[in-house]
Amino acid sequence: MSKYGTLHEVNGRYALRFERYFEYNQEDVFNMITNPEYFTQWYPFATGDMDLRLRGKIAFDDGEGTKYEGIITELTKPHTFEFQEVDDLLRISLHEKDKGCEMVFTHIFDDKDMVMYVAAGWHRCLDVLDQIVNGQQVEWKDNATELREYYKEAFDLK
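Here's what I pulled together on the structure shown here. (Residues numbered from 1 in each chain as written. Predicted model: local features only at pLDDT ≥ 70, side-chain atom pairs only at ≥ 80, totals over all residues. Heavy atoms only, no water.)

### Some thoughts on unusual backbone geometry
A negative phi angle characterises most non-glycine residues, just as the trans form characterises most peptide bonds.
Line of reasoning, step 1. With an omega dihedral of 0°, the bond running from Lys-77 to Pro-78 counts as a cis peptide bond.
Line of reasoning, step 2. Mapped onto the fold, Pro-78 is located in the loop between β5 (67–76) and β6 (80–85).
Line of reasoning, step 3. Even without glycine at this site, Val-86 takes up a positive phi of about 55°.
Line of reasoning, step 4. By the secondary structure assignment, Val-86 is in the loop between β6 and β7 (88–97).
Line of reasoning, step 5. The phi dihedral of Asp-98 falls on the positive side, at around 50°, and the residue is not glycine.
Line of reasoning, step 6. Within the fold, Asp-98 resides in the loop between β7 and β8 (100–109). (Helix = DSSP H or I, 4+ residues; strand = E, 2+ residues; numbered from the N terminus.)

In structure tokens, the structure reads:
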């Protein structure tokens, strides 16, 4: 399984899809993904203020004065966490696989000009999530430029 994301078109929108495998059960991984303390470590602009229920709100702050909320649109423990953040839809689903689980992370959005930046950003965020789930110290690698170049070429962007 590749750590690199793939790009798809869905109903006239763009969908970035990433797959990651964890050697832990769904319940443990789901709890780590949805725990506000961990969520703030890997998810951009998350404040830790999260009402973990269907139609619950997630607070975000971009650090530059803009605060906004996401709305949880699906929450099915231990395998689906989906929310709308502004006009984007983010879905995290977990599936039992081998002795652990596979996570499928999908971000659906409209702005094709941002694809390589969004893909590189999520790649880095999910690398940090992987560290958190595996009990490692969080280390943000300085690889954004290389990842943007990879996705620009992989998705044949001009």
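From this point, things continue past the structure.
### A word on the pattern of salt bridges
Line of reasoning, step 1. If you walk through the whole model with that rule in mind, you get 8 salt bridges.
Line of reasoning, step 2. Glu-19 is paired through a salt bridge with Arg-17; the nearest N and O atoms lie 2.9 Å apart.
Line of reasoning, step 3. Residue Glu-19 is classed as partly exposed on the basis of its relative accessible area, which comes to 25%.
Line of reasoning, step 4. Asp-127 serves as the salt-bridge partner of Arg-20, at 2.9 Å between the closest nitrogen and oxygen. With Arg-20 in strand β2 (residues 13–22) and Asp-127 in helix α3 (residues 115–133), this pair connects stretches of sequence that are 107 residues apart. Pair check on accessibility: Arg-20 and Asp-127 agree, each one buried.
Line of reasoning, step 5. Overlapping salt bridges bring together Glu-74, Glu-82 and Arg-91 as one network. (Salt bridge = Lys/Arg side-chain N within 4 Å of Asp/Glu carboxyl O. Buried < 20%, exposed > 50% of the residue type's maximum accessible area, 1.4 Å probe, protein only.)

### Things to note about the pairing of β5
Line of reasoning, step 1. Of the strand pairs in this sheet, strand β4 (residues 57–61) and β5 are connected by 5 bridges, and their pairing is antiparallel. Within β5, the position partnered with Asp-61 by the bridge is Lys-67.
Line of reasoning, step 2. Hairpin connection, β4 to β5: the antiparallel pair is bridged by 5 residues, and Gly-63 has positive phi, about 80°.
Line of reasoning, step 3. By the bridge criterion, 6 bridges tie β5 to β6 in an arrangement that is antiparallel. Pairing of Ile-72 across the sheet is with Phe-83, part of β6.
Line of reasoning, step 4. Where β5 hands over to β6, the hairpin turn is made up of 3 residues, counted between the paired strands. (Pairing = 2+ DSSP bridges.)

### Re the packing of aromatic side chains
Line of reasoning, step 1. For the structure shown, the criterion picks out 20 aromatic pairs.
Line of reasoning, step 2. An angle of 15° between the planes, with centres 4.7 Å apart, marks the rings of Phe-39 and Tyr-43 as stacked.
Line of reasoning, step 3. Take Phe-39: its relative accessible area is 1%, and that puts it in the buried class.
Line of reasoning, step 4. On the basis of an interplanar angle of 75° and a centroid distance of 6.2 Å, the ring pair of Phe-39 and Phe-83 is categorised as edge-to-face. Note that Phe-39 is positioned in helix α2 (residues 36–42) and Phe-83 in strand β6, a separation of 44 residues in sequence. Like Phe-83, Phe-39 is buried. (Phe/Tyr/Trp six-rings, centres within 6.5 Å; stacked < 30°, edge-to-face > 60°.)

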